[in-house]
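# Chains, contacts and geometry: an overview
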Amino acid sequence: METVASPSRSYRWELFLNQVWQGLNFFSKAAFLVLLAPLMLKIWGPVGYGMFALASSLLVSLAILDCGVRSLTRLRLCNARVANDTKDFNFAICEGLTAFALITFLAFAIAAGLAAARLWSYWLQLPPEGDFLIAMTVGLIGIFMLSLLLLEPLAAEGRISALKMANTVGAVAAIPVIGLVVWFGGSVTLAVFVYFLCLILPNFVLFVTGDLLHAKFWQEWPRLTLHHVLSTLHSGGWFYATTLAYVAKTHVLTFLVSAIGGPAAAGIFYILLRITEIVGGLGATSSETSQASLANESTATKRGENFRHAYTYTLIFCLHGVLVIGFLTRMILEIWLPKETTGLPWEISWAMALYGLGVAFSKTVVSASMGTGLVKEAAIGNLIEAALVLACGLVLQPLLGLTGLFVGGGLASLALLPTAFHLSKNFTQHFSETWLRPIGAQLLPLLLSGASLGMAAYFHSFILAAIALGFVGLLVIASIRRSHATN
């Protein structure tokens, strides 16, 4: 294992690659939906497509199986790198893999047992194929998540873009492969199996080609005991709390919207929620580099410098994304889903933008806290935020509709302000120096971006909107180049 080194130039390059691969991954999944959904509906019908959608949604829902093991393992690997302790580094991999394998085995055993009793098809009103499909999907998700855990040494070394690259290659490959399976009459079960195969294989290829086999981490397995495994699961508790908070703010909230406003409202909310991920997901992806980059640095000055690089990327993409959502969402919805979104108020676009910004702020604070020893405090704030978001669903949605829900949910992220203050102290900075001053450098590009997008929205011109989006892209590129030159 090499000694730790985090030169600013290589870290900025890693941020750039991470953003590029995450962007390609985002658009590849959008392309999968746009290109293959009509074909699946035509060949399989609504029931078959619903089964595929259900299996795909399990990939996100079963993030709760993580139990915080992946984030804890990455932090332990970072600490071992700082200490230049190869044995502890390899042992941390063994601990994480064994603990997570135990969790996934139990989950698969439960899913298979319910399938054998045909309870999945009974509960979810699926055809007989559905029982085997659900059990198989749970098992494949477990293998996929284990393959990601195998690659955590790369993330601990600050090479998280390599993971994103492998995931993107799998997502892109799945489009033509699944298309051929469906076109030639393959079943839903076969399509789901091939889909996960496309996602899993690039991870194992990266494991073999990424110089990870040479570490021979499995040699530390004889040291492992049941106590180590249980301790890992216990220690991952606060990391797990952040995962539960995320699930509550997305999937649980969708069910809550359905309970109050009905399935039609839940369907519209789900679509709008996906749009907010332009800011909360794609825009804030650079924050994912914070855990390793901060944990690998022992000096406050260097931690502050690494955080500023990642935070600048987040600001550039998120703030421009807010303007894109705020100005153009209504125009896009009128083309895509004119009947379903006719009754939505004009201000919901900005409410969605605020919600996405709140998610991005929460994600940035939580990721940085994991690398600076503040995970417990961040997890508590994250859980409070999730509780407030659900409360907004209960209280504000009946009174103000989805607009009130998005506004309240966005403001709920303020529950993480105390942790943000403590992060500033960890970098020996004032709050304004860490969080507010970097925004000043983005004001002129944002003003130009807002002017172009606002003009397109005012004239309700799709041609102007396309031109404005191209102009915003150029502003984003220019801002990134300037950040590389000045940071």
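Please read these numbers as outputs of a predicted model, since none were measured by experiment.

Within the secondary structure, Thr 314 sits in helix α13 (residues 300-336). If near-sequence neighbours (up to four positions away) are discounted, Thr 314 is found in contact with Gly 283, Ala 284, Ser 286, Ser 287, Leu 319 and Thr 364.

What follows is about the confidence of the model for the protein. Across the protein, the average pLDDT comes to 86, with 95% of residues at or above 70. In this model residues 1-7 is a low-confidence stretch, pLDDT under 50, and it forms 16 contacts with partners more than four residues away in sequence or in other chains.

Moving on, we come to the pattern of salt bridges. A complete count under the given rule lists nine salt bridges for this structure. Note that Glu 385 and Lys 249 form a salt bridge whose closest N and O atoms lie 3.2 Å from each other. Residue Glu 385 is found in helix α15 (residues 375-411), and its partner Lys 249 is found in helix α10 (residues 237-261); the two are separated by 136 residues along the sequence. The pair formed by Glu 385 and Lys 249 is uniform in burial state, with each residue classed as buried. Taking the shortest distance from any N to any O, the salt bridge between Glu 305 and Lys 302 comes out at 3.6 Å. On the criterion of helical spacing, the pair formed by Glu 305 and Lys 302 is a turn pair, its members being three residues apart in helix α13. By relative accessible area, which is 18% here, Lys 302 ends up buried. Here the salt bridges do not stand alone but share partners, grouping Arg 70, Arg 74 and Glu 152 into one network.

Calculation notes
Residues numbered from 1 in each chain as written. Predicted model: local features only at pLDDT ≥ 70, side-chain atom pairs only at ≥ 80, totals over all residues. Heavy atoms only, no water. Helix = DSSP H or I, 4+ residues; strand = E, 2+ residues; numbered from the N terminus. Contact = heavy atoms within 4.5 Å. pLDDT = per-residue confidence, 0-100. Salt bridge = Lys/Arg side-chain N within 4 Å of Asp/Glu carboxyl O. Buried < 20%, exposed > 50% of the residue type's maximum accessible area, 1.4 Å probe, protein only.

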